[in-house]
Amino acid sequence: MSEGRKIIAENRKARFDYSIEETYECGIVLQGTEVKSVKNGNISFPDSFAEIINGEVWLKNFHISEYAYSSIFNHNPDRPKKLLLHREEIKKITRKVEEKGNTLIPINFYLKNGRVKLTLGVCKGKKMFDKRATIKNRDIERDIQREFSKNLRG
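Reading the values: the criteria
Residues numbered from 1 in each chain as written. Predicted model: local features only at pLDDT ≥ 70, side-chain atom pairs only at ≥ 80, totals over all residues. Heavy atoms only, no water. pLDDT = per-residue confidence, 0-100. Helix = DSSP H or I, 4+ residues; strand = E, 2+ residues; numbered from the N terminus. Buried < 20%, exposed > 50% of the residue type's maximum accessible area, 1.4 Å probe, protein only. Phe/Tyr/Trp six-rings, centres within 6.5 Å; stacked < 30°, edge-to-face > 60°. Lys NZ or Arg CZ within 6 Å of the ring centre and 35° of its normal. Pairing = 2+ DSSP bridges.

(A) Molecular detail of the confidence of the model for the protein chain. The predicted model of the protein chain averages 87 in pLDDT, with 97% of residues at 70 or higher. Put simply, helix 1 (residues 12-17) is where the protein chain has its lowest mean pLDDT, 84, and strand 5 (residues 56-60) is where it has its highest, 93.

Next up, the structure:
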């Protein structure tokens, strides 16, 4: 963990379903009670993605639960959220996404110096045999770790 960085949520399914080619750190535009809900970890993003519309990056299918201690002026949980990136980064991402098979997927959400940030990945979908290879490698690594710890204990 680097300087003032606290991970709120991680999208493990994205690492399994997609191969991540590049990652970008993004800010996110949130309304009042959304910030408190995100800091509490009341978010859900298993099938969320980002789109580039009119030179702006928007996060879709990202659910932030309503803040429990708020008044009637609560936020809309499913509204699209705008992501904050530099113009050059947006141009670079646009070129990548226009290639066949690439998409923008949020990898993880974290707090950095009190601000909510997310890691946005330019991803390419894995085929079924790639997923099987990932599972096989994970099982092999787990077996190696078991053997290693078993030998340490004696």
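(B) Structural context of unusual backbone geometry. With a phi close to 55°, N54 is a non-glycine residue in the positive phi region. One can find N54 in the loop between strand 4 (49-53) and strand 5. The exposed category is assigned to N54, whose relative accessible area is 76%.

(C) Geometry of the packing of aromatic side chains. Counted according to the given criterion, the structure contains three aromatic pairs. Seen from their ring centres, F45 and F62 are 6.1 Å apart, and the 65° between their planes marks the pair as edge-to-face. In this pair, F45 sits in the loop between strand 3 (43-44) and strand 4 while F62 sits in the loop between strand 5 and strand 6 (63-64), placing the two residues 17 residues apart along the sequence. Using a relative accessible area of 6% as the deciding quantity, one classes F45 as buried. Note on F45 and F109: the rings are 4.8 Å apart at their centroids and 70° apart in plane angle, and the pair reads as edge-to-face. Pair noted here: F45 is in the loop between strand 3 and strand 4 and F109 is in strand 8 (residues 102-112), with a separation of 64 residues, a long-range link. Of the two residues, F45 and F109, neither departs from the other in class, the shared state being buried. One cation-aromatic arrangement involves R5 over Y110; the distance from NZ or CZ to the ring centre is 3.9 Å.

(D) Fine view of the pairing of strand 8. Counting buried positions over the eleven residues of strand 8 gives nine, a clear majority of the element. Sheet analysis places strand 1 (residues 5-10) next to strand 8, joined by five bridges and oriented antiparallel. Residue pairing in the sheet places E10 in a bridge with N108 of strand 8. Across ten bridges, strand 8 lies against strand 9 (residues 115-125) in antiparallel orientation. Paired with L111 across the strands is V116, a residue of strand 9. Connecting strand 8 to the antiparallel partner strand 9 that follows it, the hairpin turn spans two residues, and N113 within it adopts a positive phi of roughly 55°.

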